[in-house]
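# Summary of structural features
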Amino acid sequence: MNKKAFIFDLDGVVVDTAKFHFVAWQRLAAGIGIDFTHEENEQLKGVSRVDSLKKILQWGNKTLSPEEFEKKLVQKNTEYLTMVESLTVADILPGVHDFLLQLKELEQPIALGSASKNARPILKKLGIYDLFDVIVDGTNVTKAKPDPEVFLNACDQLGYVASQSIVFEDSVAGVQAANAASMISIGLGDPKILHEADEVFDAFTSMPENYIHSLLKKHKS
Ligand code: B16
Ligand code: MG
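Residues numbered from 1 in each chain as written. Chains lettered and ligands numbered in written order. Predicted model: local features only at pLDDT ≥ 70, side-chain atom pairs only at ≥ 80, totals over all residues. Heavy atoms only, no water.

### Thoughts on the overall build of the protein
Along the backbone of the protein there are 9 helices and 6 strands. For the protein, the C-alpha radius of gyration of 17 Å lies close to 17 Å, the compact-globule estimate for 221 residues. Scored against the burial criterion, the 221 residues of the protein give a buried share of 49%. In the protein, once contacts between residues fewer than 6 apart in sequence are set aside, the share between residues at least 24 apart is 62%. For the protein, the exposed surface amounts to about 10,400 Å²; the carbon and sulfur share of it is 50%. Side chains of the protein give 23 positive and 31 negative charges; the mean places of these two sets differ by 3 Å. (Helix = DSSP H or I, 4+ residues; strand = E, 2+ residues; numbered from the N terminus. Rg over C-alpha atoms; globule rule 2.2 N^0.38 Å. Buried < 20%, exposed > 50% of the residue type's maximum accessible area, 1.4 Å probe, protein only. Contact = heavy atoms within 4.5 Å. Areas by Shrake-Rupley, 256 points an atom, 1.4 Å probe, with all protein chains shown as cover. Lys, Arg positive; Asp, Glu negative; His and termini not counted. Charge placed at Lys NZ, Arg CZ, Asp CG, Glu CD.)

Spelled out as structure tokens, the structure:
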């Protein structure tokens with residue numbers, strides 16, 4: 001059987017936490033007089049905590065002292081973690097758990113490639129931590145998506161080359177990172193937003209039957 005490295009983003013791909021990031025950032029931004037839309041939020045997906053705050057401040061044409069900036073980062077994460085406390089297995093996105101189990105059965109290597117520093121506790125809380133052979137997250141990388149570092153690090157640790165790797169992503173920055181690494185990019189979300197991906201589905205449940213087998217034969221287009 002062919003093998004490929006299967007690399008999953010976390011927020012918005014494995015678990016429905018992208019909405020929590022959005023609400024936490026929106027509340028924080030409102031507190032400093034900045035308003036931003038759902039469309040603008042797409043630019044924050046997959047982007048590190050520090051870079052997200054920089055973008056929001058740019059949108060609002062505001063600056064903060066280094067101390068205030070640090071305080072806002074803590075505030076956002078505290079708010080986010082409060083929402084994360086309510087996470088249950090019902091928040092694992094439709095079809096993902098099954099997809100991971102099928103990969104396990106086929107003995108395919110699985111990695112997480114996330115910008116989040118909260119990835120490990122979230123996976124543990126959901127009871128799916130052990131399904132991942134390798135975890136690369138915001139605590140391991142120095143360059144944020146769209147830089148391919150996170151995915152290159154993941155495939156490297158799995159012992160695969162980039163051309164034999166497949167990335168599942170819900171963000172524009174993440175799709176660009178996968179493409180920059182010359183990996184197959186599968187978008188989860190709106191095809192208009194994720195048009196740079198090799199293929200896009202609205203959910204894992206929309207993938208055709210035997211999709212894993214066709215992915216095993218697929219080459220980067
Ligand atoms: P944290 P992903 C990303 O996770 C989120 O999409 C993004 O909204 C968030 O700012 C970033 O993680 C950092 O997360 O504040 O928890 O460290 O989509 O790459 O799994
Ligand atoms: Mg994501």
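There's more to say after this.
### Quick notes on the sheet that holds strand 4 (residues 165-169)
The 6 strands are arranged 3-2-1-4-5-6 in an open sheet whose pairing can be described as parallel. In the strand order of this sheet, the two ends are held by strand 3 (134-136) and strand 6 (199-201), each with one partner. Averaged over all neighbouring strand pairs, the angle between strand axes comes to 20°, with direction disregarded. With 3 bridges connecting them, strand 5 (residues 184-188) and strand 6 associate as parallel partners. (Pairing = 2+ DSSP bridges. Axes fitted to C-alpha atoms, helices over the stretch in contact; angles between N-to-C directions.)

### Some thoughts on the site of ligand 1
Residues in contact with ligand 1 amount to 17 residues; listed here are only the nearest, Asp11, Ser114, Ser116, Lys117 and Asn118. Contact distances for ligand 1 include 2.8 Å between an oxygen atom and a side-chain N or O atom of Asp9. One nitrogen or oxygen atom from the side chain of Lys145 is found 2.8 Å from an oxygen atom belonging to ligand 1. Look at ligand 1: alone it shows 470 Å² of surface, and the protein chains cover 97% of it. (Near = heavy atom within 4 Å. Polar contact = N/O pair within 3.5 Å; in protein donor to acceptor, adjacent residues only side chain to side chain.)

### Observations regarding the packing of aromatic side chains
For the structure shown, the criterion picks out 11 aromatic pairs. Geometrically, the ring pair formed by Phe22 and Phe36 is edge-to-face, given 5.9 Å between the ring centres and 65° between the ring planes. Here Phe22 is found in helix 1 (residues 18-31), whereas its partner Phe36 is found in the loop between helix 1 and helix 2 (38-41), with 14 residues between them in sequence. What makes Phe22 buried here is its relative accessible area of 10%. Given a relative accessible area of 3%, Phe36 falls into the buried group. Ring geometry for Phe99 versus Phe168: centroids 5.4 Å apart, planes at 75°, classification edge-to-face. Of this pair, Phe99 sits in helix 5 (residues 96-105) while Phe168 sits in strand 4; the two residues are 69 residues apart in sequence, bridging distant segments of the chain. Here the two residues Phe99 and Phe168 agree in accessibility, since each one is buried. Above the plane of the ring of Tyr80 lies Lys76, whose end atom (NZ or CZ) is 4.7 Å from the centre. Its end group placed over the ring of Tyr129, Lys124 keeps NZ or CZ at 4.6 Å from the ring centre. (Phe/Tyr/Trp six-rings, centres within 6.5 Å; stacked < 30°, edge-to-face > 60°. Lys NZ or Arg CZ within 6 Å of the ring centre and 35° of its normal.)

### Looking at the coordination of the magnesium ion (ligand 2)
On the protein side, the magnesium ion (ligand 2) has Asp9 (OD), Asp11 (O) and Asp170 (OD) as donor atoms, found 2.0 to 2.2 Å from it. Taken in sequence order, the residues that donate to the magnesium ion (ligand 2) follow the motif D-x1-D-x158-D. Residue Asp9 is found in the loop between strand 1 (5-8) and helix 1, and its partner Asp170 is found in the loop between strand 4 and helix 8 (172-180); the two are separated by 161 residues along the sequence. With a relative accessible area of 6%, Asp170 lands in the buried category. (Donors = N, O, S within 2.8 Å, 3.2 Å for Na, K, Ca; no water.)

### Concerning the domain arrangement of the protein
Per the domain assignment, the segments making up the protein are domain 1 (5-16 + 92-217) and domain 2 (18-84). Computed over C-alpha atoms only, the centres of domain 1 and domain 2 are separated by 24 Å. For the domain 1 and domain 2 pair, buried surface summed over both sides reaches about 1,200 Å², with 52% attributable to carbon and sulfur atoms. When the buried area of domain 1 at its contact with domain 2 is split by residue, Asp11, Asp16 and Asn118 rank highest and sum to 36% of it. For the pair domain 1 and domain 2, the interface holds 1 salt bridge. Lys19 is the partner of Asp16 in a salt bridge, and the nearest nitrogen-oxygen pair spans 3.1 Å. Taken together, the connections running from domain 1 to domain 2 amount to 4 residue pairs in polar contact (both at pLDDT 80 or more). Class assignment for the residues of the side of domain 1 that touches domain 2 results in 5 nonpolar, 3 polar and 6 charged. (Domains from an automatic or database assignment. Buried area = accessible area lost by both parts, 1.4 Å probe. Salt bridge = Lys/Arg side-chain N within 4 Å of Asp/Glu carboxyl O. Nonpolar A, V, L, I, M, F, W, Y, C, P; charged D, E, K, R; others polar.)

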